[in-house]
Amino acid sequence: MSGRAGDSPAMRRAIEIAQRGAGEVEPNPRVGAVVLKKGKVVGEGFHEAYGGPHAEIGALRKGKGDTVVVTLEPCSTEGKTPPCVEALRRAGVRRVVWALDDPSPANGGKAKAALEAAGIEVVRGVLSKEAEPLLRWFRRGLSMERPWVIAKWAMTLDGKIGSRDRDAKWVSGEEAREAVHQLRGRCEAIVVGVGTLLADDPLLTPRRKSLLPGPPLRVVFDSGLRTSPEAKIFSDKTCPVVIATLAGADAEREKVLRERGAEVIRLGTDASGGVSVAEVLKALWGSGVRRLLLESGGKLAASFFAAGAVDQVVAFVAPKVAGGASAPTPVEGTGVSKMGEALAAAEWFSTKVGEDLRLTALFPEGTVPPAGG
Ligand SMILES: NC(=O)c1ccc[n+]([C@@H]2O[C@H](COP(=O)([O-])OP(=O)(O)OC[C@H]3O[C@@H](n4cnc5c(N)ncnc54)[C@H](OP(=O)(O)O)[C@@H]3O)[C@@H](O)[C@H]2O)c1
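Reading the values: rules and limits
- Within every chain, residues take consecutive numbers counted from 1 along the sequence as written.
- Per-residue local features are limited, in this predicted model, to residues with pLDDT of at least 70; the limit for side-chain atom pairs, both in listing and counting, is 80 or more; totals at the level of whole chains, interfaces and linings are taken over all residues.
- Every helix listed is a DSSP run of H or I at least four residues long, and every strand listed is a run of E at least two residues long, numbered separately from the N terminus.
- Between the two quantities, the radius of gyration covers C-alpha atoms and the globule rule is 2.2 Å times the number of residues to the power 0.38.
- Think of it this way: build a C-beta for each residue from its backbone, and any pair within 7 Å is a contact.
- We call a residue near a molecule or strand when the C-beta position, derived from backbone atoms, sits within 6 Å of it.
- Domain boundaries shown here were taken from an automatic or database domain assignment.
- Three residue categories are used. Nonpolar comprises Ala, Val, Leu, Ile, Met, Phe, Trp, Tyr, Cys and Pro, charged comprises Asp, Glu, Lys and Arg, and polar comprises the others, including Gly.
- If DSSP finds at least two bridges between two strands, the strands pair.
- Working convention: axes come from line fits to C-alpha atoms, limited for helices to the stretch in contact. Angles between N-to-C directions cover 0 to 180 degrees.
- Buried residues are those with 20 or more other C-beta atoms within 10 Å of their own C-beta, exposed residues have 12 or fewer, and partly exposed residues lie in between; C-beta atoms are placed from the backbone.
- Picture the helix axis, draw a direction to every C-beta atom, and the arc is the one those directions span.

## As for the overall build of the protein
Then step 1. Along the protein, the regular secondary structure elements total eleven helices and 14 strands.
Then step 2. Taken over C-alpha atoms, the radius of gyration comes to 23 Å for the protein, in line with the 21 Å a tight globule of 373 residues would show.
Then step 3. With the C-alpha coordinates aligned to their principal axes, the bounding extent of the protein is approximately 65 × 40 × 35 Å.
Then step 4. The long-range share in the protein, meaning contacts at least 24 apart out of those at least 6 apart in sequence, stands at 73%.

## Observations concerning the site of the ligand
Then step 1. Lining the immediate surroundings of the ligand are 33 residues, of which Ala168, Gly193, Gly195, Gly274 and Gly297 lie closest.
Then step 2. For the shell around the ligand, the secondary-structure elements that each account for two or more residues are β6 (148-156), β7 (189-193), α8 (194-200) and α11 (298-306).
Then step 3. It is α8 that contributes the most residues to the shell around the ligand, five residues altogether.

## A word on the domain arrangement of the protein
Then step 1. If you check the domain split of the protein, you get domain 1 (7-136) and domain 2 (145-362).
Then step 2. The gap between the C-alpha centroids of domain 1 and domain 2 is 34 Å.
Then step 3. At the interface, nine residues of domain 1 touch twelve residues of domain 2.
Then step 4. Within the side of domain 1 that touches domain 2, the residues separate by chemical class into four nonpolar, three polar and two charged.

## Brief notes about the sheet that holds strand β4 (residues 95-100)
Then step 1. A sheet is described by the order of its strands in space; here five strands give the open sequence β2-β1-β3-β4-β5, paired in mixed fashion. Of all the strands in the sheet, the pair left with one neighbour each is β2 (40-46) and β5 (121-123). Ignoring strand direction, the axes of neighbouring strands in this sheet form an average angle of 20°.
Then step 2. Contacts from helix α2 (residues 55-62) reach β1 (32-37), β2 and β3 (67-72), with the element oriented near 135° to β2.

## Remarks on the sheet that holds β6
Paired through their backbone hydrogen bonds, the strands of a sheet run either parallel or antiparallel.
Then step 1. Across the sheet, nine strands lie side by side as β10-β9-β8-β7-β11-β6-β12-β14-β13; this open sheet has mixed pairing. Edge positions in the sheet fall to β10 (263-267) and β13 (347-353), since each of these pairs with one other strand and no more. The average undirected angle you get between the axes of adjacent strands in this sheet is 20°.
Then step 2. Direction of pairing for strand β8 (residues 217-221) relative to strand β9 (residues 241-246): parallel, over a ladder of four bridges. Across the sheet, the residue bridging to Phe221 is Ala244, located in β9.

## Notes on the pairing of strand β12 (residues 312-318)
The side chains of a regular strand alternate between the sheet's two faces.
Then step 1. Among the seven residues in β12, seven count as buried, and that is most of the element.
Then step 2. Bridge count between β6 and β12: seven bridges; the pairing is parallel. Considered in β12, the bridge of Thr156 is made with Ala318.
Then step 3. Here β12 pairs with strand β14 (residues 356-362) via six bridges, running antiparallel.

## Examining unusual backbone geometry
Then step 1. Note that the residue after Glu26, namely Pro27, is joined by a cis bond; omega there is 10°.
Then step 2. With omega at -5°, the peptide bond leading from Lys169 into Trp170 counts as cis.
Then step 3. Its location among the elements puts Trp170 in the loop between β6 and α7 (174-184).
Then step 4. The phi dihedral of Asp201 is positive, around 45°, even though this residue is not glycine.
Then step 5. Even without a glycine there, the phi angle at Leu204 is positive, about 65°.
Then step 6. Tracing the backbone through its elements, the reader meets Leu204 in the loop between α8 and β8.

## Topic: helix α6 (residues 136-144)
Then step 1. Buried within α6 we find Trp137, Phe138 and Gly141. Considered in projection along α6, the buried side chains sweep an arc of 105° and stay on one side of the axis.
Then step 2. Just beyond α6, the residue with positive phi is Glu145, at close to 50°.

## Notes on the environment of Ala14
Then step 1. Its place among the elements puts Ala14 in helix α1 (residues 7-18).
Then step 2. On the basis of neighbour counts, which here come to 31 C-beta atoms within 10 Å, the residue Ala14 falls in the buried class.
Then step 3. With 56 residues separating them along the chain, Ala14 and Val70 place their C-alpha atoms 6.3 Å apart.
Then step 4. With sequence-adjacent residues up to four places away left out, Ala14 is seen in contact with Gly32, Ala33, Val34, Val69, Val70 and Thr71.

And the structure:
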């Protein structure tokens, strides 16, 4: 079927609004949609959050029309949300125009036949070159067979994530902490090292409504099983606790932690001598974790960077200075010897969250030199 004069301007707009999902939806694609009624725009939408409604659904909520112009082939299978193909049919849409076929094996190439079977005209490939960058991180997610990792921290203006006495309550303000709860509700696993567990005794639950079907796993890297059976994470039974430890860890300690409700998994070591980041990621991927929030201190964060396993950083910067050469920083390890070797972000954005600044950075594949212990 052929395109119409209004398709390209509508697609240009859909591409523009798709970018508003940047930093919120990865490893999902950024997607924008425009609803047309007799050639006039009556609705717009974009994929706003991982686990949230797809762009065409958001656009149809704004207005009903005869044509939907969307940057990506609509989904035709049930995922975290119901299939969009079915929603388009029920909304009485007569034409669907998209820029890019879905490259995922689960969904790709299925919408055309499904829509045409429902009597809906399909036009593919409109402004596909312009729309292609919207799939950059989605393609990366499809190829890596491990969860998308978001390292999150809150730091002072001088880059400290705690005081010299390791006090971190609170670095950032209330609104930033609220944003973290929202972020937790959009990840299938929340990860810390035992250092953070011992210092802060966090609960690590999303205290706001989650966008995902199940509760997140709470995962602790703990090679010597130092996790206290009295830790707060055991007081909440809604989110399972997984403790990742080493093969030689004490069996008695394991028994006590299992009795508190934890699943204990024994894995190999990495360069730091701690629990292997790659092996934990593989195990979590196998349990269906696609997006993971790393809320550790600098030691475990350094191991994730050394493993080349950080895709995104969300850093809250508070307008205060703590000082102190020994105060903890977000990424420890040995670090680079020359600034030119630092891992550079491919994209980054900033927003104000209450009194704090939220910086979101997306990284190409790459490592920061090994954790030095
Ligand atoms: N402001 C913030 O956003 C924020 C967030 C989190 C933490 N913090 C602060 O950070 C400080 C804690 O820092 P931290 O670096 O000790 O915490 P961490 O990175 O969460 O935990 C480090 C511990 O994890 C264990 N571990 C197991 N496998 C590891 C691996 N592969 N690589 C590295 N570690 C591994 C190690 O203990 P074992 O050898 O016993 O296994 C290690 O000492 C506290 O002051 C806390 O308040 C601040």
